[in-house]
Amino acid sequence: MDFFNKLSKKASETYKGVSEKTNKLTREAKLKMKMNDSKSKISDLYEEIGKKVYEKHTLKEEINIETYLEEEITRIDVLSAEIENCLNEIRLLNDKKQCIKCFAEIEKDAKFCLHCGAEQTVEEVKEVEIVENIEISNETVNEEVENNETVEANNSEETESNE
């Protein structure tokens, strides 16, 4: 009977180990898919920015990047932050961290970087939830765009009535 108890215990331990590794690999795959999706969205935004700038160029109009492209730039910043969060989470899953000097991936408990030799300080990892702020900032940007369009429409109506 002791043999079966040991066998059962060993099988249970093996199952837990396999289950943990599978969960870790699944989580890492999901994070990588999310990163690729964000990179694709950033690429689309770059294309959109390029089109807008080229349209202004062909019309020989001046462009104020800060106001004209603010929405796209904000979305790129948000997506870049998402990618960085995914990378950090993948590093945590793999017990790795990033060197503070050369940004190489090193072991989590390393005191010195194997690539540049920089001494590593102990840092507390703080995970920031950006998703809620993204929705708010996109709503705010959309409201501002709608307000600007309303003002422009009112201005053009006033100009037409004055003529």
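Refer to the structure above for everything that follows.
Computed from a predicted model, the values in this text were never measured in an experiment.

(A) Spotlight on the overall build of the protein chain. If you tally the helices and strands in the protein chain, you get four helices and two strands. Listed N to C, the secondary structure of the protein chain is α-α-α-β-β-α in terms of helices and strands. Among the 163 residues that make up the protein chain, the fraction classed as buried is 17%. Counting only contacts in the protein chain whose residues sit at least 6 apart along the sequence, the fraction spanning at least 24 positions is 44%. Accessible area for the protein chain stands at about 13200 Å²; split by element, carbon and sulfur atoms hold 52% of it.

(B) View of the environment of Lys34. Within the element layout of this structure, Lys34 appears in helix α1 (residues 2–58). Classification of Lys34 as partly exposed rests on a relative accessible area of 40%. Linking Lys34 and Cys86, residues 52 residues apart in sequence, is a C-alpha distance of 7.8 Å. Apart from residues lying up to four places away in sequence, Lys34 is in contact with Glu82 and Cys86.

(C) Main features of a nonpolar patch on the surface. Taken together, the side chains of Val53, Ile63, Ile65 and Ile73 make up a nonpolar region of the molecular surface, amounting to roughly 280 Å² of accessible area. Position of Ile63 relative to the elements: it lies in the loop between α1 and α2 (65–68).

(D) Inspection of the packing of aromatic side chains at higher detail. Considering all chains together, one arrives at one aromatic pair under this definition. Geometrically, the ring pair formed by Phe3 and Phe4 is edge-to-face, given 5.4 Å between the ring centres and 70° between the ring planes. Of the two residues examined, Phe3 and Phe4, each falls in the exposed class.

(E) Local environment of the pattern of salt bridges. Using the criterion set out here, one finds 11 salt bridges in the structure. Across the salt bridge formed by Arg27 and Glu89, the nearest N and O atoms sit 2.4 Å from each other. Of this pair, Arg27 sits in helix α1 while Glu89 sits in helix α3 (residues 70–93), placing them 62 residues apart in sequence. Classification of Arg27 as partly exposed rests on a relative accessible area of 35%. Judged by relative accessible area, which is 22%, Glu89 ranks as partly exposed. Put simply, Arg91 and Glu84 hold a salt bridge, and the shortest N to O gap is 4.0 Å. Arg91 sits in the buried class, given a relative accessible area of 8%.

(F) Spatial organisation of the packing of α1 against α3. Orientation of α1 relative to α3, taken along the N-to-C sense of each, is 160°, at an axis distance of 9 Å. In terms of orientation, α1 and α3 fall into the roughly antiparallel class. Once α1 is placed against α3, the crossing between them reads as left-handed. By residue class, the composition of the contact of α1 with α3 is 13 nonpolar, two polar and 13 charged.

Reading guide: rules and limits
- Residues numbered from 1 in each chain as written.
- Predicted model: local features only at pLDDT ≥ 70, side-chain atom pairs only at ≥ 80, totals over all residues.
- Heavy atoms only, no water.
- Helix = DSSP H or I, 4+ residues; strand = E, 2+ residues; numbered from the N terminus.
- Buried < 20%, exposed > 50% of the residue type's maximum accessible area, 1.4 Å probe, protein only.
- Contact = heavy atoms within 4.5 Å.
- Areas by Shrake-Rupley, 256 points an atom, 1.4 Å probe, with all protein chains shown as cover.
- Patch = residues over 30% accessible without salt bridge, like charges linked within 9 Å, V, L, I, M, F, W, Y side chains within 5 Å.
- Salt bridge = Lys/Arg side-chain N within 4 Å of Asp/Glu carboxyl O.
- Phe/Tyr/Trp six-rings, centres within 6.5 Å; stacked < 30°, edge-to-face > 60°.
- Axes fitted to C-alpha atoms, helices over the stretch in contact; angles between N-to-C directions.
- Parallel < 35°, antiparallel > 145°, perpendicular 65-115°, else oblique.
- Left-handed = near helix turned anticlockwise from the far one by under 90°.
- Nonpolar A, V, L, I, M, F, W, Y, C, P; charged D, E, K, R; others polar.

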